[in-house]
Amino acid sequence: DEVIVGRHARLKFFFTRRLSQLKSKAITFLASRVITRVHLWHDVRVVLCEHANKKYRGSYNAIDSNDDENGDGSQPLVNLNLSLENIQPLSPSDQEDGARFVLSFKNVVSGEELKARARHIVACDGIKSKVRSILPNEPDVLQAENKSVWRGLAPNISTSGRATFYKGVSDSNTAGRSGLIFPGGKNVGSSWTVISDVEDQRSNSEEESRRRVLNVVESMGKDSENFKVFKQVIDESSIIIESKLHVRDFDKPWESSYDGLIYVGDSAHPVRPTGEGTALAFEDANVLGKVILKFGLCDEALREYENERYEPVKRISEKVKNMAQNFYK
């Protein structure tokens, strides 16, 4: 009996260890397959632009131009290097072709001025939406968090697949300050974010932005190993983005003031840079696509999109904000 029990124990140990090894290999394989499909957050807009240019070429283009950029008599439907200068809402008497807006653009490379007539506008132009700021009936929906944030990418520093979170000491001058270093993607280094009490104005140069964020990290402990790691990733970053944190003020009207106008992504609902903003933006696009398939591209579809997004966006935004407020204490 003792021999049989011993054999059973050894067999159980062997199969358990073997199963654990196979499980580990399977997880590693699946993770490697997933990571190869990860794009850096910096590159998302480039990937989407390339996809749109390839998929949505056509002879119709609302931008006034005589250039045959595609070489086949058609124009690309994605127009790069254009700065939005003005939007003029049209009166009913000026809408004979169905257009409700005239958009004025300037090519930042050539200086050429261009105009487009549009019936619908999908504004996905970021937290400080220029569309929202130009149109006179659109309210300012931004609510300041009184925090400054810096972000960057260190392509030559690997995190070995780990994310590291740094936090200021409670009940001190560094309370509420934080830093995060996380993988930027497979074999592409690290991304990082630093959040601090709001800094006066904004930096006027890359070097000033680098100095300001290093001062924040240094205040959390210059002699610590954390400071050395953060200084290394900041020094390795060729581009540093500095901005003020804003969130959506849900006391302001959710729906746009104009038929035919909607907001998508950060222009509709800015949140803290913790990943939820990207997820919400993709959900926006998914819902928008579904309502257009259901109703067609019309006012009913755009208002349905706004109605469907309000509750889930508000719920996530408030949850993120409450977590942040508890962290700041």
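Rules of the game
- Residues numbered from 1 in each chain as written.
- Predicted model: local features only at pLDDT ≥ 70, side-chain atom pairs only at ≥ 80, totals over all residues.
- Heavy atoms only, no water.
- Helix = DSSP H or I, 4+ residues; strand = E, 2+ residues; numbered from the N terminus.
- Expected span 1.5 Å × (residues − 1).
- Contact = heavy atoms within 4.5 Å.
- Pairing = 2+ DSSP bridges.
- Axes fitted to C-alpha atoms, helices over the stretch in contact; angles between N-to-C directions.
- Salt bridge = Lys/Arg side-chain N within 4 Å of Asp/Glu carboxyl O.
- Phe/Tyr/Trp six-rings, centres within 6.5 Å; stacked < 30°, edge-to-face > 60°.
- Buried < 20%, exposed > 50% of the residue type's maximum accessible area, 1.4 Å probe, protein only.
- Polar contact = N/O pair within 3.5 Å; in protein donor to acceptor, adjacent residues only side chain to side chain.
- Parallel < 35°, antiparallel > 145°, perpendicular 65-115°, else oblique.
- Nonpolar A, V, L, I, M, F, W, Y, C, P; charged D, E, K, R; others polar.
- pLDDT = per-residue confidence, 0-100.

Some words on helix H5 (residues 225-236)
The α-helix winds at 3.6 residues per turn, so residues separated by three or four positions along the chain end up facing the same way. Given a rise of 1.5 Å per residue, 12 residues ought to cover 16 Å, and the 17 Å separating the end C-alpha atoms of H5 matches this to within 8%. Of the surrounding secondary structure, the elements contacted by the buried residues of H5 are strand E5 (142-154), strand E6 (164-167), strand E7 (178-183), strand E8 (190-197), helix H4 (206-219) and strand E9 (240-248).

Topic: the sheet that holds strand E3 (residues 113-118)
In spatial order, the strands read E1-E2-E3; together these three strands make up an open sheet with antiparallel pairing. Of all strands in the sheet, those with a lone pairing partner are strand E1 (82-89) and E3, marking the two edges. Neighbour-to-neighbour, the strand axes of the sheet open up by a mean angle of 25 degrees, direction not taken into account. Of the pairings in the sheet, the one linking E1 to strand E2 (residues 101-107) comprises seven bridges and is antiparallel in character. In the strand pairing of E2, Leu-84 is matched with Phe-105.

Observations regarding the pattern of salt bridges
Following the criterion strictly, the structure yields 14 salt bridges and no others. For Arg-211, the salt bridge goes to Glu-208, with nearest N and O atoms at 3.8 Å. Of this pair, Arg-211 and Glu-208 both sit in helix H4, three residues apart, which is roughly one turn of that helix. Taken together, the salt bridges that share partners define one network made up of Lys-147, Arg-177 and Asp-197.

A look at the packing of aromatic side chains
Throughout the structure, instances matching the rule amount to four aromatic pairs. With centroids separated by 6.0 Å and ring planes inclined at 15 degrees, the aromatic side chains of Phe-250 and Trp-254 adopt a geometry described as stacked. Across the pair, Trp-254 and Phe-250 agree in class, each one buried. Judged by centre distance (6.2 Å) and plane angle (70 degrees), the ring pair of Phe-250 and Tyr-310 falls under edge-to-face. Of the two residues, Phe-250 sits in the loop between E9 and strand E10 (261-263) while Tyr-310 sits in helix H7 (residues 299-328), which places them 60 residues apart along the sequence.

Observations concerning the sheet that holds E8
Read across the sheet, five strands follow the order E6-E7-E8-E5-E9 without closing on themselves; strand pairing throughout is antiparallel. Of all strands in the sheet, those bounded by a partner on one side alone are E6 and E9. The average angle at which neighbouring strand axes cross in this sheet is 20 degrees, direction not considered. Sheet topology places E5 next to E8; eight bridges connect them, and they run antiparallel. Directly across from Gly-152, in E8, lies its bridge partner Trp-192.

What about the environment of Ser-237?
Examined against the element boundaries, Ser-237 turns out to sit in the loop between H5 and E9. A relative accessible area of 1% means that Ser-237 is categorised as buried. Spatially, the C-alpha atoms of Ser-237 and Ser-190 are 9.5 Å apart, while their sequence positions differ by 47 residues. Residue contacts for Ser-237: discarding those within four places in its chain leaves Gly-152, Leu-153, Ala-154, Trp-192 and Arg-210. In terms of polar contacts, Ser-237 uses its side chain to reach the backbone carbonyl oxygen of Leu-153, at 3.2 Å.

Focus on the packing of H4 against H5
Any two packed helices are characterised by how steeply their axes cross, that is the angle between the axes, and by the distance between the axes. Viewed as axis vectors pointing N to C, H4 and H5 meet at an angle of 170 degrees, and their least axial separation amounts to 10 Å. Taken together, H4 and H5 sit at an angle that is classed as roughly antiparallel. Here Arg-210, Val-213, Leu-214, Val-217 and Glu-218 of H4 come into contact with H5, specifically with Phe-227, Phe-230, Lys-231, Ile-234 and Asp-235. Of the residues contributing to the contact of H4 with H5, the split by class is six nonpolar, no polar and four charged.

Section: the side chain of Ser-129
Looking at where Ser-129 falls in the secondary structure, it is placed in the loop between strand E4 (121-123) and helix H3 (130-134). Ignoring any residue separated from it by four or fewer positions in sequence, one finds Ser-129 in contact with Tyr-263 and Ser-267.

Observations regarding helix H6 (residues 276-295)
Its 20 residues give H6 an end-to-end C-alpha distance of 28 Å, which sits within 8% of 28 Å, the value for a rise of 1.5 Å per residue. Phi turns positive one or two residues past the end of H6, at Gly-296, with a value near 85 degrees.

Focus: the confidence of the model for the protein chain
Taken residue by residue, the protein chain gives an average pLDDT of 80. The fraction at 70 or more is 74%. Of all helices and strands in the protein chain, the one with the weakest mean pLDDT is helix H1 (residues 2-35) (56), whereas E10 scores best (97). In the model, residues 30-39 has pLDDT below 50 throughout and makes six contacts with residues more than four positions away in sequence or in other chains. When the criterion is pLDDT under 50, residues 59-66 qualifies, and its contacts beyond four places in sequence or with other chains add up to 19 contacts.

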